[in-house]
Amino acid sequence: MSAASRTPLCSTSRIRSRRAVLTTAAGGAVAALLLSACTSGGTSGGGGDTNFVMGKDGISTVEQGERDAAPDLSGKTVAGGQLDLKSYKGKVVVLNVWGSWCNPCRAEAPNFEKVYTDLKDDGVQFVGINTQDTSNDNALAFEKQQGITYPSLSDPTGKLLLRFKKGTLSLQAIPSTLVLDRQGKIAARSLAALSEEKLRKMITPVLAEK
């Protein structure tokens, strides 16, 4: 595979298609999100006071007493069911923002499924947020190809991402991952694709908390 084929590109036709969908569905603010989000990840979450402390490995964490609660996230899943994040309170939740059009998302997907399979019986729940896919069929195909067995909320226009406190997620960084503690508060964050080792490193300290 050439270097060019591994690099996520925002083509003119893709941008036009996304602009049309977003302008109709959610207006200019969300359109700006979509047009800016074709990237392999980043290190900045924008403005806002979120108490994240960046580690040398690119993973940001927040001390237990300084964490913000995740917003209400509920709606239709890619597979057609309904999901409410509040139903997982009491578990450590891994939220992964992804799109079928995103090459880094494709690269990290096997790591997420493996870690989910290993930890789901230990009180860890994975939930995807599928964003910027104008066709749900593309998202379904991605899940099937990657063997993903955990649910993903369908968020084609980015509305769910905009519910997070400013500075929590970089709207230019897809994929992104958050780890929520058992109280539903944001404990760790990555704004780039994750190896299996880094993903486990994000989860382990939160799972060990009392």
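Everything numeric in this text was worked out from a predicted model, so none of it was measured.

Novice: Looking at this structure, how should I read the pattern of salt bridges?
Specialist: One side chain can pair with another of opposite charge once the charged atoms of both are near each other. Applying the stated criterion across every chain yields a total of 8 salt bridges. With a shortest N-O distance of 2.9 Å, Asp-57 and Lys-201 are connected by a salt bridge. On the criterion of sequence distance, the pair formed by Asp-57 in the loop between strand E1 (53-54) and strand E2 (60-61) and Lys-201 in helix H6 (residues 196-207) is long-range, its members being 144 residues apart. Since its relative accessible area comes to 23%, Asp-57 is described here as partly exposed. When the shortest N-O distance is used, the salt bridge between Glu-196 and Arg-200 registers 3.0 Å. Pair noted here: Glu-196 and Arg-200 are both in helix H6, with a separation of 4 residues, about one helical turn.

Novice: Help me understand the layout of surface pockets, please; the structure alone is not making it clear to me.
Specialist: Using a probe with the size of a water molecule, rolled over the atoms, empty space left in the structure can be pinpointed. In this structure, the largest pocket occupies an estimated 260 Å³ of space. Lining of the largest pocket is provided by 18 residues; of these, Thr-61, Val-62, Arg-67, Ala-187 and Pro-205 occupy positions nearest its centre. For the lining of the largest pocket, the secondary structure elements donating two or more residues are strand E9 (186-190) and H6. Per-element accounting of the lining of the largest pocket gives the leading share, 4 residues, to H6. Its residues assigned to classes, the lining of the largest pocket comprises 8 nonpolar, 4 polar and 6 charged. Size it by volume and the second largest pocket reaches roughly 200 Å³. Lining the second largest pocket are 16 residues; nearest its centre among them are Ala-70, Leu-85, Lys-86, Gln-183 and Gly-184. The class makeup of the residues in the lining of the second largest pocket is 7 nonpolar, 3 polar and 6 charged.

Novice: Which parts of the structure should I look at to understand the environment of Ser-170?
Specialist: Position of Ser-170 relative to the elements: it lies in the loop between strand E7 (152-155) and strand E8 (176-180). Judged by relative accessible area, which is 8%, Ser-170 ranks as buried. When the C-alpha atoms of Ser-170 and Leu-191 are compared, they prove to be 7.0 Å apart, with 21 residues separating the residues in sequence.

Novice: In this structure, what is going on with the sheet that holds E1? I would like to understand it.
Specialist: Where strands meet in a sheet, backbone hydrogen bonds hold them as pairs that are either parallel or antiparallel. The 7 strands lie next to each other as E1-E2-E9-E8-E5-E6-E7, forming an open sheet whose pairing is mixed. The sheet is open, and its two borders are formed by E1 and E7, each paired with just one other strand. Here E8 runs beside E9; their pairing, made up of 4 bridges, is antiparallel. Across the sheet, residue Leu-178 finds its bridge partner in E9, namely Arg-189.

Each value, and the rule that gives it
Residues numbered from 1 in each chain as written. Predicted model: local features only at pLDDT ≥ 70, side-chain atom pairs only at ≥ 80, totals over all residues. Heavy atoms only, no water. Salt bridge = Lys/Arg side-chain N within 4 Å of Asp/Glu carboxyl O. Helix = DSSP H or I, 4+ residues; strand = E, 2+ residues; numbered from the N terminus. Buried < 20%, exposed > 50% of the residue type's maximum accessible area, 1.4 Å probe, protein only. 1 Å grid on protein atoms, 1.4 Å probe; cavity = no way out; pocket = protein on both sides within 12 Å on 5 of 7 lines; lining within 4 Å. Points joined across faces, edges and corners; volume = space filled by probe spheres on them. Nonpolar A, V, L, I, M, F, W, Y, C, P; charged D, E, K, R; others polar. Pairing = 2+ DSSP bridges.

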